[in-house]
Amino acid sequence: MIAEALNGWLRKAPAWPIYIVGPLPAVFLVWQGVAGTLGPDPVRAIEQQTGLYALQLIIAGLAVTPLRRFAGVNLLKFRRAIGIMAFSYVAVHLLTWLVLDMGLYLTQAVGDVVKRPYITLGMSAFLMLVPLVATSNDRALRRLGAARWRKLHRLTYPAAVLAAVHFVWLVKAWPLQPFLYLGAVAGLLALRAKPKRRAPAAAQGAVSP
């Protein structure tokens, strides 16, 4: 009952406000940086926050299918916008590290990608997301065909795992928060892998021609 009412409202709600609301945390981070309220290492603060926002949006995208299957709440129309915003924050996270932290010293940056496993994982997740955002449009769906498009977009799953492990590995003190995010990713992937319930035999017979 609640899910039906919510779905009725969601069908009327457009997805485009996500593209307006989504960048606001980044704008606020820039304002904090200008105001000098990000602490003694503002670059690191921006890196951490944009990476965290990206992971939160990745988890939100993973939650769409389990919410529909197990709670009856249909957010499919918003998943593309959520995914594009997630990639945008991943890109800002990467650019902050490459431009502000590494000073565009590409040789050193490549060396860090090779030598530091947590950076390797983060870069791998980013590279997996690139073809997904490039094909997040109706034209790409038509050109690839639904089956190949869905197969390609399964890269979301390993990318989400790598991003979560990147977060766990990045934090040196091993607090609880990164493990909660990793647990959320693992739990949502487990729910997605859970087979759908088959209708009872009697019910199947009732609707069979």
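Just above sits the structure.
All values derive from a computational prediction rather than experimental measurement.

### Quick look at the overall build of the protein chain
Per the secondary structure count, the protein chain includes 13 helices and 0 strands. Listed N to C, the secondary structure of the protein chain is α-α-α-α-α-α-α-α-α-α-α-α-α in terms of helices and strands. Long-range contacts, defined as pairs at least 24 residues apart, comprise 70% of the intrachain contacts of the protein chain with a sequence gap of at least 6. Here the protein chain displays about 13,200 Å² of accessible surface, and carbon together with sulfur accounts for 68% of that area. Side-chain charges in the protein chain split into 23 positive and 6 negative, and the spacing between the mean points of these groups amounts to 18 Å.

### Observations regarding the environment of Gln-49
Following the sequence through the fold, Gln-49 ends up in helix α4 (residues 42–62). When the C-alpha atoms of Gln-49 and His-166 are compared, they prove to be 14 Å apart, with 117 residues separating the residues in sequence.

### A look at helix α5 (residues 64–71)
Residues of α5 that are buried include every one of Val-64, Thr-65 and Pro-66, and no others. In this structure, the buried side of α5 is in contact with α4, α6 (76–101) and α12 (176–193). Downstream of α5 by one or two residues, Gly-72 has phi in the positive range, about 75°.

### Notes on the pattern of salt bridges
Where charged atoms from two side chains of opposite charge approach closely, those side chains can pair. Scanning the model with the defined rule gives 2 salt bridges in all. Between Arg-80 and Asp-138 there is a salt bridge, with the nearest N and O atoms lying 2.8 Å from each other. Taken together, the residues span a long stretch of sequence, with Arg-80 in helix α6 and Asp-138 in helix α9 (residues 138–144) at a distance of 58 residues. A residue is classified by how much of its surface remains accessible, and Arg-80, at 36% relative accessible area, is partly exposed. Under the relative-accessibility criterion, Asp-138 is labelled partly exposed at 42%.

What counts, and at which threshold
- Residues numbered from 1 in each chain as written.
- Predicted model: local features only at pLDDT ≥ 70, side-chain atom pairs only at ≥ 80, totals over all residues.
- Heavy atoms only, no water.
- Helix = DSSP H or I, 4+ residues; strand = E, 2+ residues; numbered from the N terminus.
- Contact = heavy atoms within 4.5 Å.
- Areas by Shrake-Rupley, 256 points an atom, 1.4 Å probe, with all protein chains shown as cover.
- Lys, Arg positive; Asp, Glu negative; His and termini not counted.
- Charge placed at Lys NZ, Arg CZ, Asp CG, Glu CD.
- Buried < 20%, exposed > 50% of the residue type's maximum accessible area, 1.4 Å probe, protein only.
- Salt bridge = Lys/Arg side-chain N within 4 Å of Asp/Glu carboxyl O.

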